[in-house]
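Single-letter residue listing:
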Number of protein chains: 2
Amino acid sequence: MGLDEKDISLKALDAIKKCKKIYAEFYTNKGSKDELEKIIAKDILILGREKVESDFLIRESRKINVALLVSGDVLSATTHIELFLEAKKEGIEIELIHGPSIFTAVAKTGLQLYKFGRVTTLMKEDGYTPDSPYDVIRKNISVGLHSLVLLNTDMDVPTGLGILKELESKKKENIITGKMKIVACSELGREDSKMKYESLNNALSDNDFKHKIPACIIIPGDLNFKEEEMLELWSA
Amino acid sequence: MGLDEKDISLKALDAIKKCKKIYAEFYTNKGSKDELEKIIAKDILILGREKVESDFLIRESRKINVALLVSGDVLSATTHIELFLEAKKEGIEIELIHGPSIFTAVAKTGLQLYKFGRVTTLMKEDGYTPDSPYDVIRKNISVGLHSLVLLNTDMDVPTGLGILKELESKKKENIITGKMKIVACSELGREDSKMKYESLNNALSDNDFKHKIPACIIIPGDLNFKEEEMLELWSA
């Protein structure tokens, strides 16, 4: 599905036409089911994460052609890789159709994709926050690389930055500071998308990003002249 | 334009309808102009790299609405970031429309995107080969991360692997060996795409990849169980 309802490709539309049932997972995207149904001219059945992780779709696809619409590019999430593997094992014919992804949409910042290090995702579940994003950012910065920090689906930029600051208070390696300049993004690839290059503290209280999802944060590494010039476009 | 003519999105088609002239750059893709013209129902004018890098499109867009179709996602290449910046500076209204990219299409290997390190591109110009890809691969391997090695547009998998071996003979750090298993890919996201998980030496003489472009090579880092299982799907 990409990042926006109209990101759907002609290839995806062709495939949808051949399918009897169209399932969709809106787990990581705020796409509108109604708008998408209008576009594809078919009914969409929304599946929860549990159903996607079960053998439901495999069983369905033994009887009829089914489509599963997912956010971003098709195999960016582990769950969908596992579904693909399962289908292959079961001898079910499966076609992958690619779509636009946040992984490359962040090039709009002006930061070159070749200069990004490992990607990380901030999560908070039942009050627990894994440390690993902090370590990924530290390693990327230490070698001058940019960090794309994805946020859990229900997390806006201020919430994500709050978690980064929490991790800093815990680990105390002076990686995340209030003065550091970051790129805050919300709804990238959509009409209402916002992008700002500002200090972490500013972004933390920036009302423009409150409750705006999906969101991500980019922590720049070493900048070349062109990257600096581009970032100035988003200077708050 | 994504990876295949039919990757074009409804959003792109809408924008194309509003444009008087449609330019395209096929620098990094083997897309067919004729097929694309049929799909968009408009004539396409192909631009060479020099023209894209000049102020030609800026001048055109002062008079009429123009579109530039590029391979993969819209700002993956530095040239297009510079064009975007130039347009912004000149006060020209510009819309970015995202498309599928090789950066995420490689998830078909089964290797998780979160476990990729920095991306690198192999080049050979006038007999000269930059060393940097070797260093990028070494660093990625040293921290267990996967490496996506993009190849220059005219380069197939065997040629790319030959260059990696050349770099090894020069640098002698025992990073690239004939026995190491790599993932060879050609025409990813297209109907004739090929993907094989095999030893570097096998891939080097694999006729299936000869003259097949665009191509890329993936050098796996540490593998988890699921990744191993997926890679077996492509075992030659």
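Below is a summary of the structure that appears in this document. It should be emphasised that the depicted structure is a prediction, and the values quoted were computed from it without experimental measurement. (Residues numbered from 1 in each chain as written. Chains lettered and ligands numbered in written order. Predicted model: local features only at pLDDT ≥ 70, side-chain atom pairs only at ≥ 80, totals over all residues. Heavy atoms only, no water.)

Summing up its helical and strand segments, chain A has ten helices and eight strands in all. In terms of C-alpha radius of gyration, chain A reaches 19 Å, essentially the compact-globule figure of 18 Å for 236 residues. Projecting the C-alpha coordinates of chain A onto the three principal axes gives extents of approximately 55 × 35 × 30 Å. Residues classed as buried in chain A amount to 56% of the 236 residues present. Summarising the internal contacts of chain A: among those between residues at least 6 apart in sequence, 72% fall at separations of at least 24. When the accessible surface of chain A is split by element, carbon and sulfur atoms take 48% of a total near 10700 Å². Each charge class in chain A was averaged separately, 35 positive and 39 negative side chains, and the resulting centres sit 1 Å apart. (Helix = DSSP H or I, 4+ residues; strand = E, 2+ residues; numbered from the N terminus. Rg over C-alpha atoms; globule rule 2.2 N^0.38 Å. Buried < 20%, exposed > 50% of the residue type's maximum accessible area, 1.4 Å probe, protein only. Contact = heavy atoms within 4.5 Å. Areas by Shrake-Rupley, 256 points an atom, 1.4 Å probe, with all protein chains shown as cover. Lys, Arg positive; Asp, Glu negative; His and termini not counted. Charge placed at Lys NZ, Arg CZ, Asp CG, Glu CD.)

Before going further, it helps to spend a moment on the interface of chain B and chain A. Counting from both sides, the interface comprises 49 residues of chain B and, opposite them, 49 residues of chain A. Buried area between chain B and chain A, summed over both chains or domains, comes out near 4400 Å², and the portion from carbon and sulfur atoms is 66%. Looking at the side of chain B facing chain A, the largest losses of area belong to B:Leu10, B:His98 and B:Tyr114, adding up to 16% of the total buried there. Between the two partners, chain B and chain A, sit six salt bridges. The salt bridge partner of A:Lys6 is B:Asp14, with a shortest N-O separation of 2.6 Å. (Buried area = accessible area lost by both parts, 1.4 Å probe. Salt bridge = Lys/Arg side-chain N within 4 Å of Asp/Glu carboxyl O.)

What follows covers the relation of the copies chain B and chain A. Expressed as a screw transformation, the operator carrying chain B onto chain A has a rotation angle of 180° and an axial translation of 0.0 Å, and the superposed copies differ by an RMSD of 0.0 Å. In short, the pair behaves as if placed about a two-fold rotation axis. Of the interface residues in chain B, 100% have counterparts in chain A that sit at the interface too, so the contact is made through matching surfaces. (Least-squares fit on C-alpha atoms with pLDDT ≥ 70 in both.)

Residue and element names in this part refer to chain A. Structurally, Arg-138 is set in helix α7 (residues 132-142). Each C-alpha atom of the pair Arg-138 and Leu-167 lies 12 Å from the other, and the pair is 29 residues apart in sequence. Not counting chain neighbours up to four residues away, the residues in contact with Arg-138 comprise Glu-173 and Ile-175.

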